[in-house]
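Structure at a glance
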There are 2 protein chains.
Amino acid sequence: MKPTVHDIAAHAGVSLATVDRVLNGRAGVRPATREKVEAAIEALGFVRDVAAANLAKGRVYSFVFILPANDNSFMQALRAEVQAAAERGRRERMSLVMRDVPAFDIAALVAALDDAGRDRPDGVAFVAIDAPEVRAAADRLVEQGIAVVTLVSDLSGSRRVHFAGIDNIAAGRTAGTLLGRFLGGRPGPVLPLAGSLMVRDHRERLEGFGSVMAERFAARAILPVLEGRDDPVETGRLVQEALLAHPDLAGIYSAGAGNRGLIRALQAGGSGVRPVVIVHELTGATRDALAQDLIDGVLNQDAGHEVRSAIRVLKAETDRSAVVAAQERIRIDIFLKDNLP
Amino acid sequence: MKPTVHDIAAHAGVSLATVDRVLNGRAGVRPATREKVEAAIEALGFVRDVAAANLAKGRVYSFVFILPANDNSFMQALRAEVQAAAERGRRERMSLVMRDVPAFDIAALVAALDDAGRDRPDGVAFVAIDAPEVRAAADRLVEQGIAVVTLVSDLSGSRRVHFAGIDNIAAGRTAGTLLGRFLGGRPGPVLPLAGSLMVRDHRERLEGFGSVMAERFAARAILPVLEGRDDPVETGRLVQEALLAHPDLAGIYSAGAGNRGLIRALQAGGSGVRPVVIVHELTGATRDALAQDLIDGVLNQDAGHEVRSAIRVLKAETDRSAVVAAQERIRIDIFLKDNLP
DNA sequence: CTGTTAGCGCTTTCAA
DNA sequence: TTGAAAGCGCTAACAG
């Protein structure tokens, strides 16, 4: 049978309370006593039962998720995943509240972070805007002993314990290789599209994309980046114009959201061979477009995985326990028509 | 505060024991009483605390993993993941034992399954060989009330509760599209490679591969499948011969293991442009080959994910609780040089 | 500084 | 058919 606190108390010749104090690193134990207990723990190979401990503590993990009130499909999916996790959480001694903040609003995000801190939750997860004020606010939470995790978009130089999101430079490079190789010898320029170059993830994707194109497909002309503000209408308009301006357009890489507009423009595109298209995020629209051969590949980050991972990391941080590193690496999923889930 | 068994006992005007009997569907409760309790559960929105229940039961989940004593990198990785999970399990009231059986040996696998059943574990996970005898043995376990999960390779028509592995037909199709598109207009035939056509996963991969080639790249000549028995030496020899016999060989799809041999043959290949190569399973060898531009893409199944998923499903089955379906779908990971983990 | 004792939420004898 | 009471492994007052 696995040894329990009782066994180690007996073995060390002390009471349960003392064992508990040593186990939890609380003060008020004479060094000699502490050593006896530690020796017993070592000797019996004791590992504490976290479930029992949490039960005794009456612990309820309390986490706050702060998400941008952005209306694109990806953010909707992310919110749905947080919601689902919150519901499951009831079964597992976890209270998870979700708060919306206006998108791309630094002041609002800072306020939300400070606000979240006031309730003294065990952990906070949020989609970062990469700004010094936000970094400072995140660090204030860490200062209070609250575990902080960034979600989808990271915050450089901050003391957040973890980033639950993909490597966007690698994603951009992957898109570049896919697009370059799918194009093969087909002539014509390539159009990069983003939501906004102010957002770190889009910027990094284009950076990765650009470097691969320069390294491996140097002959290919790259048009200037168009910014569609993650808005389907705006994006659609920009693409339509580009298709007219460049009848020989060979490829499109859409690093941002608003792909419904891109897809509509492609459908309307009409005559000629359509360009090779790689986009981000598997949504209803991009999924259908892939199935109908309107686009060629979708890079995706799994919102469900990101949310579950953020929760696991926050829990582990609260318990001071370890995570399985490999499980918390968010993959860059590549979907072709053939491996749609 | 979340309602507990005490609350519902009070609300229903019965004792804890009766509540427990109803909760666990045990006999010996008058229908009228049962209904009172069920009404209280409903009214208070009670959800049982599984951790507390397991503590009280002194439950230790007991699972057996049966893996082929196959020496390729993938199986080694799989065994390492099971080992790691077993170690973590000590912390989480789980006893996980791993048993080896000779690879591709139906009788040995059947014996191992029957043997596992004798210890009456809560669940068994194993890499299936798709044969009627194995199916019967698996069903015998299910009959005993043991949860059964197949791992990596599935068992058609059996009563296993879950398959923790990838969709191999889709994987083959994906490989086909990648290879076909990477080839573009480059002339020359394509060589499919497998470990053995007796194994279901390899067969399915080639099936998917073949259908995509026929549908979308009909002009491309496909050479007869070569079987390398998942052995590096044998596979290397076959590829070397093929390279000599077909100097214009344009592509290779390796659906099985033994890729070290393939890679060596490619390195030796020397003169001319090397074929476009897509293989399965990210190992040390395939990873290096990808980084060095010796091969073009790796399809992968995440052994760690498969093992963790199998465990989650077995646990859920034992507890009669639900899983997050999306979390248990094993992805077909696609790795290019640019998104290596 | 250390020990005693009463739980956390649930299950399980053993009586009634 | 039902209930009282003890206890799973751990923590947290409260004494001493």
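Computed from a predicted model, the values in this text were never measured in an experiment. (Residues numbered from 1 in each chain as written. Chains lettered and ligands numbered in written order. Predicted model: local features only at pLDDT ≥ 70, side-chain atom pairs only at ≥ 80, totals over all residues. Heavy atoms only, no water.)

1. Re the nonpolar core
Selection criterion: Joining through side-chain atoms within 4.5 Å is the link that ties buried Ala, Val, Leu, Ile, Met, Phe, Trp, Tyr and Cys residues into a set, and such a set is a nonpolar core. Under the scheme applied here, a residue whose accessible area is under 20% of the maximum for its type counts as buried, over 50% as exposed, and between as partly exposed, the area being computed with a 1.4 Å probe on protein chains only. For helices the rule is a DSSP run of H or I covering at least 4 residues; for strands it is a run of E covering at least 2, with both sets numbered from the N terminus onward. Only heavy atoms enter the contact rule, under which two residues are in contact if any of them lie within 4.5 Å.
Counting residues in each nonpolar core, the largest one holds 45 residues, and the members touching the most others are Leu-178, Leu-179 and Tyr-253 of chain A together with Leu-178, Leu-179 and Tyr-253 of chain B. When residues in this core are grouped by element, the largest group, seven residues, is from helix H8 (residues 168-183) of chain A. Sequence-distant contacts of Leu-178 of chain B, defined by excluding residues within four places in its chain, comprise Phe-182 and Leu-336 of chain A together with Ile-278, Leu-299 and Ile-334 of chain B.

2. Some thoughts on the protein's contact with DNA strand D
Spelled out, the test is: Only heavy atoms are used to decide nearness, and a residue is near a molecule or strand if one of them lies within 4 Å of it. Any pair of nitrogen or oxygen atoms within 3.5 Å is treated as a polar contact; in protein, a donor-acceptor pairing is required on top of that, and neighbouring residues in sequence qualify only through side-chain atoms on both sides. All amino acids are sorted into three groups, where Ala, Val, Leu, Ile, Met, Phe, Trp, Tyr, Cys and Pro are nonpolar, Asp, Glu, Lys and Arg are charged, and the leftover types, Gly among them, are polar.
Every one of the 26 residues lining DNA strand D counts as a neighbour, but Val-5 and Asp-20 of chain A together with Arg-21, Arg-30 and Thr-33 of chain B are closest to it. For DNA strand D, the backbone portion of the atoms within 4 Å of the protein, that is sugar and phosphate, comes to 70%. A distance of 2.8 Å is found between a phosphate oxygen of DNA strand D and a backbone nitrogen or oxygen belonging to Arg-30 of chain B. In the model, a base oxygen of DNA strand D is placed 3.4 Å from a nitrogen or oxygen of the Leu-55 of chain B main chain. Elements represented by at least two residues in the surface near DNA strand D include exactly helix H2 (16-23) and helix H4 (50-57) of chain A together with helix H2 (16-23) and helix H4 (50-57) of chain B. Counting residues per element, the surface near DNA strand D draws most heavily on H4 of chain A, which supplies four residues. Taken together, the residues of the surface near DNA strand D sort by class into twelve nonpolar, six polar and eight charged.

3. Considerations on the packing of aromatic side chains
Applied cut-off: Stacked, edge-to-face and tilted are the three classes for Phe, Tyr and Trp ring pairs, Trp counted by its six-membered ring, which pair at centre distances within 6.5 Å; planes under 30 degrees apart are stacked, over 60 edge-to-face, the rest tilted. Ring-over charges, as used throughout, are those where CZ of Arg or NZ of Lys falls within 6 Å of the ring centre and within 35 degrees of the ring normal.
All told, the structure shown has five aromatic pairs over all chains when counted by the stated rule. Over the aromatic face of Tyr-61 of chain A sits the side chain of Lys-315 of chain A, whose NZ or CZ is 5.5 Å from the ring centroid. Here the basic side chain of Arg-181 of chain B rests over the ring of Phe-182 of chain A, its NZ or CZ set 4.2 Å away from the ring centre.

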